[in-house]
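Chain by chain, the residues:
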Amino acid sequence: MGTLRNQQGVCFRGNFQMSAWKFTIIWGDLNEKWNEFSSDKSVVNYSISVPRAGPHTHKQQKMPNRSTITEFLLLAFADTRELQLLHFGLFLGIYLAALLGNGLILTAVACDHRLHTPMYFFLLNLAFLDLGSISTTVPKVIANALWDTRAISYEGCAAQVFFFVFLFGAEYSFLTVMAYDRYVAICKPLHYGTLLDSRACAKMAAAAWGSGFLNAVLHTASTFSLPFCQGNSVDQFFCEIPHILKLSCSDAYPREVGALVFSVSLAFGYFVFIVVSYVQIFRAVMRMPPEEGQHKAFSTCLPHLAVVSLFVSTVMVAYLKPPSLSFQSLDLVVSFLYSVLPPAVNPLIYSMRNQELKNVVRKYMTRYIYDFII
């Protein structure tokens, strides 16, 4: 009996060892297959079926296909080569005009001591922001039109969104600060040196840059943390957030709500502040008896008011138009009006009625031309 039990134990141990050996071989094969599958870079799209919890476990819910995007395709202005070259020349001319106008303002304000006042300090920041904002979008449009391509890398698109939102948000903040500067200069002229000394101007400038940076970080992080499952074709000539969100999965939109609420609240507060400031300014100007005082006040306020009106109106048309009016050609025109036109025409608007700025710009232009000829 003991011998029989020993033989059964030996057989059991032998069978167990044989089963473990087979399991090890099968497990190794499965690992090799999985490593081959996961290392295959051609496998990009995947779909997962998750059974619903509850009594009806036989029903399955499919998640949408999600893909890893390495580049986006921007919208081309034209299909024919002749029209592409025409758009190349048009955008190149606008870009050079913006560089020239804003560069002259930067040079005049930085080099002439007579323009070292709070108003021109804020104008210096505004010109720098205009240069940065138009340099974020237009050079890529020029390059795509010249080389007949539509592609922009994923990292390049994210950088374009960040700098575009950052610079435009900071510009709107500076327009608000400039409204406050005009309010103090006209309504409280005796306190102008106290309320707008160098330290106060530096703090307001830092707050304007900081608010734009925070706004850009929120929007860029919330936008590019989304999964994209609707392709990679952006229906715009630059990476614009509303058109990028159209490529994301439908269940990912709530992630953008927080950043959107912050931006809308900030923009509405700025708009109310500008309106209230100019109501007070116009009331004070209308009470001025001499005509020369009114002319001087209007000559410094109207250019700023024109820039604010152009900026706010084009942005409102771009983002508040009803969906029924959302056509591709109309979206292109509106985006051009608020992203390309203001940086190019702002120097012209500010120098049109500002005789002091025109004299300084004319002096430096004459000097540079003379030095170039001689």
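Residues numbered from 1 in each chain as written. Predicted model: local features only at pLDDT ≥ 70, side-chain atom pairs only at ≥ 80, totals over all residues. Heavy atoms only, no water.

Q: Just checking my understanding: could you explain the overall build of the chain for this structure?
A: On a plain count of helices and strands, the chain comes out with twelve helices and four strands. When the 374 residues of the chain are sorted by exposure, 37% land in the buried category. In the chain, 74% of the contacts between residues at least 6 apart in sequence involve partners at least 24 apart. Just so you have it, the chain exposes about 21,800 Å², and 66% of that area is on carbon and sulfur atoms. (Helix = DSSP H or I, 4+ residues; strand = E, 2+ residues; numbered from the N terminus. Buried < 20%, exposed > 50% of the residue type's maximum accessible area, 1.4 Å probe, protein only. Contact = heavy atoms within 4.5 Å. Areas by Shrake-Rupley, 256 points an atom, 1.4 Å probe, with all protein chains shown as cover.)

Q: Honestly, the layout of surface pockets in this entry has me stumped. Any pointers?
A: Where empty space is left becomes clear once a probe the size of a water molecule has been rolled over the atoms. As a volume, the largest pocket reaches approximately 1,100 Å³. Along its surface, the largest pocket is lined by 36 residues, and Ser263, Val264, Ala267, Val315 and Tyr319 are the ones closest to its centre. Within the residue set of the lining of the largest pocket, elements represented by two or more residues are helix H4 (154–187), helix H6 (198–224), helix H7 (241–245), helix H8 (257–286) and helix H9 (291–320). In terms of residue count, the dominant contributor to the lining of the largest pocket is H8 (nine residues). (1 Å grid on protein atoms, 1.4 Å probe; cavity = no way out; pocket = protein on both sides within 12 Å on 5 of 7 lines; lining within 4 Å. Points joined across faces, edges and corners; volume = space filled by probe spheres on them.)

Q: What exactly am I supposed to notice about the packing of helix H3 (residues 118–147) against H6 here?
A: Packed helices, taken two at a time, are described by their axes: the angle between them and the distance between them. Axis separation between H3 and H6 bottoms out at 11 Å; the angle between their running directions is 20°. What the angle tells us is that H3 and H6 run roughly parallel. Remark: the crossing between H3 and H6 carries right-handed chirality. Residues Pro118, Phe121, Phe122, Asn125, Phe128 and Leu129 of H3 pack against Cys201, Met204, Ala205 and Trp209 of H6. (Axes fitted to C-alpha atoms, helices over the stretch in contact; angles between N-to-C directions. Parallel < 35°, antiparallel > 145°, perpendicular 65-115°, else oblique. Left-handed = near helix turned anticlockwise from the far one by under 90°.)

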